[in-house]
Amino acid sequence: NQRLPFQDAAFDAVLSLNVLEHVTDPFACAAELVRVLKPGGALYCCIPFLQPEHGYPHHYFNATRSGLRELFPKNFEVLQHVVPRSGEPIWTLEWFLSAYAAQLPSRERKRFLNLRMKDIVGKPVLPLLSKGWVADLPEKAKWELASTTAAVFRKPSVP
């Protein structure tokens, strides 16, 4: 998708539905969508924001609403910018909680599923880190559902 096999300005409309998070260079892919769109054409692009890591092992980028806008030229008129029904926050909440519960050991899954929302929502998170239903979450699940990730890199001393 970073080099589409179409001529410039080939299409009246272009759809990109939940693709840009799966390409290594979403800016290059977005530029290709722009390239193949006819002048005056319409582009519909949907990209996840708060979704667990999916499409293993190839899920690279999610985007905020500002990030989505940044992918396309400034002179593109925004006709509509919405949260589609398929992107309502309840999808994120259900996906996260289901994925979280599914990966817990059986005993902790039962404890987790018996919690009430008020047992988590509005509580300080630090004390929750020692709960079995947090501490026993497998490493794979932590990567899938991570709030953030971090890495330390070293630049080579010789270019």
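Residues numbered from 1 in each chain as written. Predicted model: local features only at pLDDT ≥ 70, side-chain atom pairs only at ≥ 80, totals over all residues. Heavy atoms only, no water.

Asks: So what exactly am I meant to see when it comes to the pairing of strand β1 (residues 11-17) here?
Replies: Regular strands place their side chains on alternate faces of the sheet. Judged from the 6 bridges that link them, β1 and strand β2 (residues 37-46) form a sheet pairing that is parallel. Each bridged residue has a counterpart across the sheet, and for Val14 the counterpart in β2 is Leu43. Since β1 and β2 lie parallel, the crossover through helix α1 (residues 26-36) that links them has a hand, and here it is right-handed. (Pairing = 2+ DSSP bridges. Helix = DSSP H or I, 4+ residues; strand = E, 2+ residues; numbered from the N terminus. Right-handed = clockwise from strand over helix to strand, strands pointing away.)

Asks: What is the right way to look at the side chain of Glu144 in this model?
Replies: If you trace the backbone, Glu144 turns up in helix α7 (residues 139-145). No salt bridge is formed by the buried Glu144; its nearest oppositely charged neighbour, Lys140, is found at 4.2 Å. Contacts of Glu144, omitting those with residues within four sequence positions, involve Pro52, Glu53, Tyr56, Trp95, Ala99 and Gln103. (Buried < 20%, exposed > 50% of the residue type's maximum accessible area, 1.4 Å probe, protein only. Lys, Arg positive; Asp, Glu negative; His and termini not counted. Salt bridge = Lys/Arg side-chain N within 4 Å of Asp/Glu carboxyl O. Contact = heavy atoms within 4.5 Å.)

Asks: So what exactly am I meant to see when it comes to the pattern of salt bridges here?
Replies: Once the charged atoms of two side chains with opposite charge are near each other, the side chains can pair. If you walk through the whole model with that rule in mind, you get 7 salt bridges. Residue Glu32 pairs with Arg35 through a salt bridge whose shortest N-O separation is 2.8 Å. With Glu32 and Arg35 both in helix α1, this residue pair falls 3 residues apart, about one helical turn. Per residue, the accessibility class of Glu32 equals that of Arg35, and both read buried. A salt bridge links Glu70 to Lys74, with the shortest nitrogen-to-oxygen separation between them at 3.1 Å. On the basis of relative accessibility, which here comes to 63%, the residue Lys74 falls in the exposed class. By sharing partners, the salt bridges in this structure join Arg3, Asp8, Glu32 and Arg35 into a single network.

Asks: Looking at this structure, how should I read the packing of aromatic side chains?
Replies: Working definition: an aromatic ring pair is given by the centre-to-centre distance plus the angle between the planes. Going through the model one piece at a time under the given rule, you end up with 3 aromatic pairs. Relative to Phe11, the ring of Phe6 lies with its centre 5.0 Å away and its plane at 85 degrees, an arrangement referred to as edge-to-face. Under the relative-accessibility criterion, Phe6 is labelled partly exposed at 40%. Aromatic side chains Phe112 and Trp133 sit 5.7 Å apart centroid to centroid with 45 degrees between the ring planes, which places their arrangement in the tilted category. You can see Phe112 sitting in helix α4 (residues 106-113) and its partner Trp133 sitting in helix α6 (residues 132-135), a full 21 residues away along the chain. Three or more aromatic residues link up through ring pairs in this structure, and these residues are Tyr100, Phe112 and Trp133. (Phe/Tyr/Trp six-rings, centres within 6.5 Å; stacked < 30°, edge-to-face > 60°.)

Asks: Would you take a moment to explain the environment of Asp136 for this structure?
Replies: Looking at the secondary structure, you find Asp136 in the loop between α6 and α7. Exposure remark for Asp136: the relative accessible area of 36% places this residue in the partly exposed category. A sequence separation of 70 residues divides Asp136 from Ser66, and the C-alpha atoms of the two residues are 35 Å apart. Sequence-distant contacts of Asp136, that is, excluding residues within four places in its chain, are made with Leu104, Pro105 and Glu108.

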